[in-house]
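A look at the structure
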Amino acid sequence: MLAGLPAEFVVVAAVVLGLLVGSFLNVVIYRLPIMMERQWAAEIAVAQADAQGAAAQPSSYTVEPEADTFNLVVPRSRCPHCGHQVRWYENLPVLSWLALRGRCSACQGGISVRYPLVEAATGLLFGYCAWRWGASWTAIGWCGFSAAVVALAMIDWDTTLLPDSITLPLLWAGLVFSALQWTELPLTDAVWGAVGGYMSLWLVYWGFKLLTGKEGMGFGDFKLFAALGAWFGWQALIPLILIASITGAIVGLAMKLRSGLRPGGYVPFGPFLGLAGLIGMVASPPALLRAAGL
């Protein structure tokens, strides 16, 4: 694919693309949970209307007229403090945040440093994929994997949600890329990796719930781990869960010592599964297996 292009050009192009994708991921991270909540609210309203025997029309349960046009594209990005519409030159990945010194050009309200960090991280991950796999379908696949994992990790950290609209395509993409031999993973290993990833956390969930009466994780964690299994194979599941568990325990302990835990002392597990996946991508599955002694 695109053979003959200089390796340096491919890497630089991938970094630039990653920065742009990272800018879009910031939109996804913020808006997708809101879109999900609005959809749930509409479905609940319809169910309640049906239960009451009322022939409710969509307009009867729409809270705001503009809610119909709230998606990943509309409305355009605005300052959360003053409503200033972000101009195109104020929305350049990383550069605009630096030029504006992290503040809105209209009201001087602060802009979170997380925006440029997500953009920079995505750019670096895309650049790494291009450096390692060159201009190939394999590189494109792992770039997509990186973008999905970054989005899922940030959404779960903010809202404790792991949207099916990202986890399920990520799982299927791993299986498809394996079937097309665009990764080094045999399809059989990918399929059993998906099965093992889902079932292992599903069993942990039900075991914990039967013993304590509490839910230790969400169903989205099962799907994300299944997706990791589809990309890395069943052999890598133990190293991945160990990395996620250890990093999660360290962060959770640090947050507890700083009194930074959320109500109920809950720390979402998805971000650490995502981190384990990115570490696995960089280290490669064989290195993971050696580290685990498998």
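Residues numbered from 1 in each chain as written. Predicted model: local features only at pLDDT ≥ 70, side-chain atom pairs only at ≥ 80, totals over all residues. Heavy atoms only, no water.

Brief notes about the overall build of the protein
Condition: Helix and strand labels come from DSSP, where a helix needs a run of H or I of at least four residues and a strand needs a run of E of at least two; each type is numbered from the N terminus. Two residues form a contact once any of their heavy atoms are found within 4.5 Å.
Helices and strands together make up the secondary structure of the protein, namely 10 helices and 0 strands. Along the protein, helices (α) and strands (β) appear in the sequence α-α-α-α-α-α-α-α-α-α when read from the amino end. Of the contacts made within the protein by residues no fewer than 6 positions apart, 72% connect residues no fewer than 24 positions apart.

With respect to the packing of helix α5 (residues 164-179) against helix α7 (residues 219-232)
Keep this limit in mind: Only the contacting stretch of a helix is used when fitting its axis, a line to C-alpha atoms as for every element, and angles between N-to-C directions run 0 to 180 degrees. Any angle between 65 and 115 degrees counts as roughly perpendicular, while under 35 counts as roughly parallel, over 145 as roughly antiparallel, and the rest as oblique. By convention the crossing between two helices is left-handed if the near helix lies anticlockwise of the far one by an angle smaller than a right angle, and right-handed if it lies clockwise. Polarity classes work like this: nonpolar for Ala, Val, Leu, Ile, Met, Phe, Trp, Tyr, Cys and Pro, charged for Asp, Glu, Lys and Arg, and polar for all others, with Gly in that last group.
Relative to each other, α5 and α7 sit at 20°, their axes nearing to 8 Å. Relative to α7, α5 is oriented roughly parallel. Our pair here, α5 against α7, has a crossing hand that is left-handed. Contact residues: D164, T167, L168, L170, L171, A173, G174, L175 and F177 in α5; K223, L224, A226, A227, A230 and W231 in α7. Of the residues assigned to the contact of α5 with α7, the class counts are 11 nonpolar, 2 polar and 2 charged.

Some remarks on the confidence of the model for the protein
Here is the rule we go by: A residue's pLDDT is the confidence the predictor assigns to it, expressed on a 0 to 100 scale.
When pLDDT is averaged along the protein, the result is 89, and 89% of the positions lie at 70 or above. Overall, residues 59-66 carries pLDDT values under 50, and its contacts beyond four positions in sequence, including any with other chains, amount to 7 contacts.

Quick notes on the pattern of salt bridges
Rules: When a carboxyl oxygen of Asp or Glu is within 4 Å of a side-chain nitrogen of Lys or Arg, the pair counts as a salt bridge. A simple rule labels every residue: compare its accessible area, found with a 1.4 Å probe on the protein chains alone, to the largest value its type can have, and call it buried under 20%, exposed over 50%, or partly exposed in between.
Applying the stated criterion across every chain yields a total of 4 salt bridges. Close ionic contact of E90 with R87 constitutes a salt bridge, the shortest N to O distance being 3.2 Å. Using a relative accessible area of 37% as the deciding quantity, one classes R87 as partly exposed. In this structure, the salt-bridge partner of D164 is K223, at a minimum N-O distance of 2.8 Å. With a gap of 59 residues between them, D164 in helix α5 and K223 in helix α7 connect regions that are remote in the sequence.

Here we look at the layout of surface pockets
What counts here: Buriedness for pockets is judged along seven lines, at least five of which must meet protein on both sides within 12 Å for an open set on the 1 Å grid over protein atoms alone, while cavities are sets there where a 1.4 Å probe fits but cannot get out, and lining residues have an atom within 4 Å of a point. Grid points are joined across faces, edges and corners, and a volume is the space filled by probe spheres set on the points.
There is about 820 Å³ of room inside the largest pocket. Around the largest pocket, the lining comprises 32 residues; the ones closest to its centre are S77, R78, P80, V86 and Y115. The set of elements that each furnish at least two residues to the lining of the largest pocket consists of α1 (7-51), α2 (95-99) and α3 (114-133). With 5 residues, the top contributor of residues to the lining of the largest pocket is α1. In terms of residue class, the lining of the largest pocket is built from 15 nonpolar, 12 polar and 5 charged.

Overview of unusual backbone geometry
Note: most residues except glycine have negative phi, and most peptide bonds are trans. Cis peptide bonds are those with omega within 30 degrees of zero, and the linkage from V74 to P75 qualifies with 0°. Positive phi, normally seen in glycine, also occurs at R101, with a value near 55°. Considering the arrangement of structural elements, one finds R101 in the loop between α2 and α3. In the Ramachandran plot, T160 falls in the positive-phi region, its phi being about 60° despite a non-glycine side chain.

Here we look at helix α9 (residues 270-283)
Worth spelling out the cut-off: To estimate how far a helix should reach, multiply one less than its number of residues by 1.5 Å.
The first and last C-alpha atoms of α9 sit 20 Å apart over 14 residues, in line with the 20 Å expected at 1.5 Å per residue. Within α9, 10 of the 14 residues are buried, which leaves it mostly tucked inside the rest of the structure. Within the sequence span of α9, burial applies to G270, P271, F272, L273, G274, A276, G277, L278, G280 and M281. Looking at the residues trailing α9, positive phi occurs at S284, about 80°.

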